[in-house]
Number of protein chains: 2
Amino acid sequence: MSHFDEEIKLQTQAPGRYTRSMPDSWNIGTVPNGGYLMTLAVRALTQQVPQHPDPFSVTVHYLRPAVANEPCQIDAQILRTGATLSTGRATLSQQDKSRLEVLAAFGNLEAGAQAGGQTAAQTSTTIAAPDAPPPEQCIVRSSELQGVDLPIMNRLDIRLHPNEFRASPAGKPQMTGWIRFKDGRPPDSLSLLLFADSFPPAIFGLIGMVGWVPTIELTVHVRRRPAPGWILGQFRTHDLADGRMIEDGALWDSSGALVAQSRQLAMLRRRD
Amino acid sequence: MSHFDEEIKLQTQAPGRYTRSMPDSWNIGTVPNGGYLMTLAVRALTQQVPQHPDPFSVTVHYLRPAVANEPCQIDAQILRTGATLSTGRATLSQQDKSRLEVLAAFGNLEAGAQAGGQTAAQTSTTIAAPDAPPPEQCIVRSSELQGVDLPIMNRLDIRLHPNEFRASPAGKPQMTGWIRFKDGRPPDSLSLLLFADSFPPAIFGLIGMVGWVPTIELTVHVRRRPAPGWILGQFRTHDLADGRMIEDGALWDSSGALVAQSRQLAMLRRRD
């Protein structure tokens, strides 16, 4: 079993109430990665609606940092289940304090638009994958680059575009790169939530790998189940004001298909 | 008092519990507009945290259509309040069934980044307003164009780009236009939530004003308090597959400043 599958296993305490230990293996610095935490909350929801295994839309608000090596509790409630869609909310708590709140919709990405009994739209349009050097020509995301411990890099293999991983005169607020599980686990719709929150902030492409960029809110839309292999990600910030910014992202699978989009509101706190 | 201010007034039943009648004046066809419903839920939250009057990030999931001329109840809970940010969730119900669920963060858009006691980032970047013909050269959104009753057009003045309001050989999934309250009420941060959900779907610019586009989830980020006057909106769909699509939007005020961004996941159900 892969590390990820092992480390998102939940124990059921009561209907809708789950617990597990919080490993430090997904840490950024001393704090568990928000994308990993999101997958825990979403798993607590999807296992209640097995007919709708794929997250269509997941919004997470980060209320307080999670604490590694302390148990966590997840309270997950399905609000509505229909033929094609379920909606639910979940709270992840530690030490009796809520750490994150999730609101999400789920369905089945393989069922297609026919499942609702409506005629599927024939129209289709997508966002093409950007050009990027192959993974072996990219730079491994590392503690040395960022000046912070990255235990998560024992779980994930992340390669950054050689022109974007540090600020340069031609720098722009963009981060492109590749991601996969280090132990070879193939990507699935759940892991795209993690991958959407595992790259360095796009703003580092403009200002360098300095500062602290806490996420207020992150929404991920999963659009397709990914093919096996590397996932290509591109993240951009076009809107930064008063120390808060919007970062847009997209993920493509090894076949070039768009598999997820993301958008987050984050704060930029520079080191001085 | 403006119609909008009158029609978002809530009666307090108990701490965190509010009620009001559901007017039909914001209807699209026979159903109250989702943007209007969102402002009701958000108002129930913001009036609990007067120090944080501006919605920074609001996500709404539409569970069931609301019912005009039936009373509604809103249960709104603040999950966390900090120096610069409050987070809360709200449920709008009618006839004992939840109609929409909101998860949102609030703050003060005039306080600036200093409020957190951290050094504000000097860096700033924004999205420029697109070119658009002035409102008087645009087409009024109307029942005749869309083939559906639009009582909401007695409340809002909406003008659509003359090249985008209907499908054409050069059509693209884009909708640009102007919006303001019909009774002259100036825009504020709350009303941007309504405005972000009051244009016809961008996909109509590609396929014509046909079909039904129910929103699954909508997230709006308010970035600045708007100046008085018209609000310019532009909405685009780059990602449509299996009958579900992502629509991105942005709103600019009369000074040209970006005041909000939006993204929604919606279903496309064509008329056959």
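This one's a predicted model, so the numbers in the text were calculated from it and none came from an experiment.

## With respect to the overall build of chain A
Now for step 1: Within chain A, the secondary structure is distributed over 5 helices and 15 strands.
Now for step 2: Over its C-alpha trace chain A gives a radius of gyration of 18 Å, about what one expects of a compact globule, namely 19 Å for 272 residues.
Now for step 3: Principal axes of the C-alpha set define a box for chain A whose edges measure 55 × 50 × 40 Å.
Now for step 4: The buried share of chain A, reckoned over its 272 residues, is 61%.
Now for step 5: Within chain A, residue pairs in contact and separated by at least 24 positions form 68% of the contacts whose partners lie at least 6 positions apart.
Now for step 6: Of the roughly 10,200 Å² of accessible surface on chain A, a fraction of 47% belongs to carbon and sulfur atoms.
Now for step 7: Of the side-chain charges in chain A, 26 are positive and 26 negative, and the distance between the mean point of each set is 2 Å.

## Focus: the environment of B:G256
Now for step 1: On the secondary structure map, B:G256 appears in the loop between strand 14 (244-252) and strand 15 (258-267).
Now for step 2: Sequence separation between B:G256 and B:T215 is 41 residues; the distance between their C-alpha atoms is 28 Å.

## A look at the packing of aromatic side chains
Working definition: an aromatic ring pair is given by the centre-to-centre distance plus the angle between the planes.
Residue and element names in this part refer to chain A.
Now for step 1: For the structure shown, the criterion picks out 12 aromatic pairs over all chains.
Now for step 2: Where F4 meets F181, the ring centres are 5.0 Å apart and the plane angle is 35 degrees; that geometry is what we call tilted. Here the residue F4 occupies a position in helix 1 (residues 3-7), and F181 occupies one in strand 11 (residues 174-181), the gap between them amounting to 177 residues.
Now for step 3: Exposure remark for F4: the relative accessible area of 1% places this residue in the buried category.
Now for step 4: Ring geometry for F199 against F235: centres 5.0 Å apart, planes inclined by 40 degrees, an arrangement best described as tilted. You can see F199 sitting in the loop between helix 4 (189-195) and helix 5 (204-207) and its partner F235 sitting in strand 13 (residues 231-241), a full 36 residues away along the chain.
Now for step 5: Each member of the aromatic cluster is reached from another via a ring pair, and the members are F4, W26, Y36, F181 and F195.

## Side note on the pattern of salt bridges
Now for step 1: Counted under the stated rule, the structure contains 24 salt bridges over all chains.
Now for step 2: Ionic pairing is found between A:E101 and B:R89, a salt bridge with its closest N-O pair at 2.5 Å. In this pair, A:E101 sits in strand 8 (residues 97-107) while B:R89 sits in strand 7 (residues 86-94), so the two residues belong to two different chains. Here A:E101 matches B:R89 in class, with each residue buried.
Now for step 3: Between A:D248 and A:R263 there is a salt bridge whose closest N-O contact spans 2.6 Å. Remark: A:R263 occurs in strand 15 (residues 258-267) and A:D248 occurs in strand 14 (residues 244-252); sequence separation between them is 15 residues.
Now for step 4: A relative accessible area of 18% means that A:D248 is categorised as buried.
Now for step 5: Using a relative accessible area of 4% as the deciding quantity, one classes A:R263 as buried.
Now for step 6: Shared partners join several salt bridges into a network, and the residues in it are A:D248, A:R263, B:D248 and B:R263.

## Description of the pairing of strand 2 (residues 17-20) of chain A
Residue and element names in this part refer to chain A.
Now for step 1: Here strand 2 shows a buried face lined by Y18 and R20 and an unburied face lined by R17 and T19.
Now for step 2: Bridge count between strand 1 (residues 11-14) and strand 2: 3 bridges; the pairing is antiparallel. Bridge pairing in strand 2 places Q11 opposite T19.
Now for step 3: Hairpin remark: strand 1 followed by strand 2, antiparallel, with 2 residues in the connecting loop; positive phi at G16, about 80 degrees.

## Concerning unusual backbone geometry
Now for step 1: The backbone phi angle of A:Q95 is positive, close to 50 degrees, even though this residue is not glycine.
Now for step 2: By secondary structure assignment, the location of A:Q95 is in the loop between strand 7 (86-94) and strand 8.
Now for step 3: A relative accessible area of 47% means that A:Q95 is categorised as partly exposed.
Now for step 4: Backbone geometry places B:N69, a non-glycine residue, at a positive phi of 65 degrees.
Now for step 5: With respect to the helices, strands and loops of the structure, B:N69 is situated in the loop between strand 5 (54-62) and strand 6 (72-81).
Now for step 6: Take B:N69: its relative accessible area is 55%, and that puts it in the exposed class.

## As for the interface of chain B and chain A
Now for step 1: Contacts between the two partners involve 57 residues from chain B, matched on the other side by 57 residues from chain A.
Now for step 2: Interface area, chain B with chain A, both sides summed: about 5,400 Å², of which 53% is carbon and sulfur.
Now for step 3: Counting across the interface, chain B meets chain A through 6 salt bridges.
Now for step 4: Across the pair A:D239 and B:R223 runs a salt bridge, and its minimum N-O distance is 2.8 Å.
Now for step 5: Seen at the junction of chain B and chain A, the total is 25 residue pairs in polar contact (both at pLDDT 80 or more).

## Description of the relation of the copies chain B and chain A
Now for step 1: When chain B is fitted to chain A, the residual RMSD is 0.0 Å, and the transformation amounts to a turn of 180 degrees plus an axial shift of 0.0 Å. The transformation just described matches what one would write down for a two-fold rotation axis.

## Details of helix 2 (residues 34-46) of chain B
Residues and elements named next belong to chain B.
Now for step 1: An ideal rise of 1.5 Å per residue puts 18 Å on 13 residues; helix 2 measures up with 18 Å between its terminal C-alpha atoms.
Now for step 2: With 12 of 13 residues buried, helix 2 is to be regarded as a mostly interior element.
Now for step 3: When helix 2 is considered as a whole, its buried residues turn out to be G34, G35, Y36, L37, M38, T39, L40, A41, V42, A44, L45 and T46.
Now for step 4: The opening residue of helix 2 is N33, an N-cap whose side-chain oxygen sits 2.8 Å from the backbone nitrogen of G35.

## Overview of the environment of A:L10
Residue and element names in this part refer to chain A.
Now for step 1: Position of L10 among the secondary structure elements: in the loop between helix 1 and strand 1.
Now for step 2: Using a relative accessible area of 14% as the deciding quantity, one classes L10 as buried.
Now for step 3: Residues L10 and Q47, spaced 37 residues apart in sequence, show a C-alpha to C-alpha distance of 9.9 Å.
Now for step 4: The contacts of L10, once residues within four sequence positions are left out, are Y18, T19, R20, L40, R43, A44, Q47 and I74.

## Looking at the confidence of the model for chain A
All names here are of chain A.
Now for step 1: Considering every residue of chain A, the mean pLDDT works out to 92; 94% of them sit at 70 or more.
Now for step 2: Contacts for the low-pLDDT stretch residues 114-120, under 50 throughout, to residues beyond four places or in other chains number 8 contacts.
Now for step 3: Under the prediction, the complex receives an ipTM of 0.95, its pTM being 0.96.

## Description of the pairing of strand 12 (residues 215-222) of chain B
Residue and element names in this part refer to chain B.
Now for step 1: Taken across its 8 residues, strand 12 has 8 buried, putting it largely inside the fold.
Now for step 2: Looking at chain direction, strand 5 and strand 12 are connected through 5 bridges and run antiparallel. Bridged to V58 within strand 12 is V220.
Now for step 3: Examined bridge by bridge, strand 12 and strand 15 share 7 bridges and lie antiparallel to one another. Across the sheet, the residue bridging to V220 is S262, located in strand 15.

The rules we used
Residues numbered from 1 in each chain as written. Chains lettered and ligands numbered in written order. Predicted model: local features only at pLDDT ≥ 70, side-chain atom pairs only at ≥ 80, totals over all residues. Heavy atoms only, no water. Helix = DSSP H or I, 4+ residues; strand = E, 2+ residues; numbered from the N terminus. Rg over C-alpha atoms; globule rule 2.2 N^0.38 Å. Buried < 20%, exposed > 50% of the residue type's maximum accessible area, 1.4 Å probe, protein only. Contact = heavy atoms within 4.5 Å. Areas by Shrake-Rupley, 256 points an atom, 1.4 Å probe, with all protein chains shown as cover. Lys, Arg positive; Asp, Glu negative; His and termini not counted. Charge placed at Lys NZ, Arg CZ, Asp CG, Glu CD. Phe/Tyr/Trp six-rings, centres within 6.5 Å; stacked < 30°, edge-to-face > 60°. Salt bridge = Lys/Arg side-chain N within 4 Å of Asp/Glu carboxyl O. Pairing = 2+ DSSP bridges. Buried area = accessible area lost by both parts, 1.4 Å probe. Polar contact = N/O pair within 3.5 Å; in protein donor to acceptor, adjacent residues only side chain to side chain. Least-squares fit on C-alpha atoms with pLDDT ≥ 70 in both. Expected span 1.5 Å × (residues − 1). pLDDT = per-residue confidence, 0-100.

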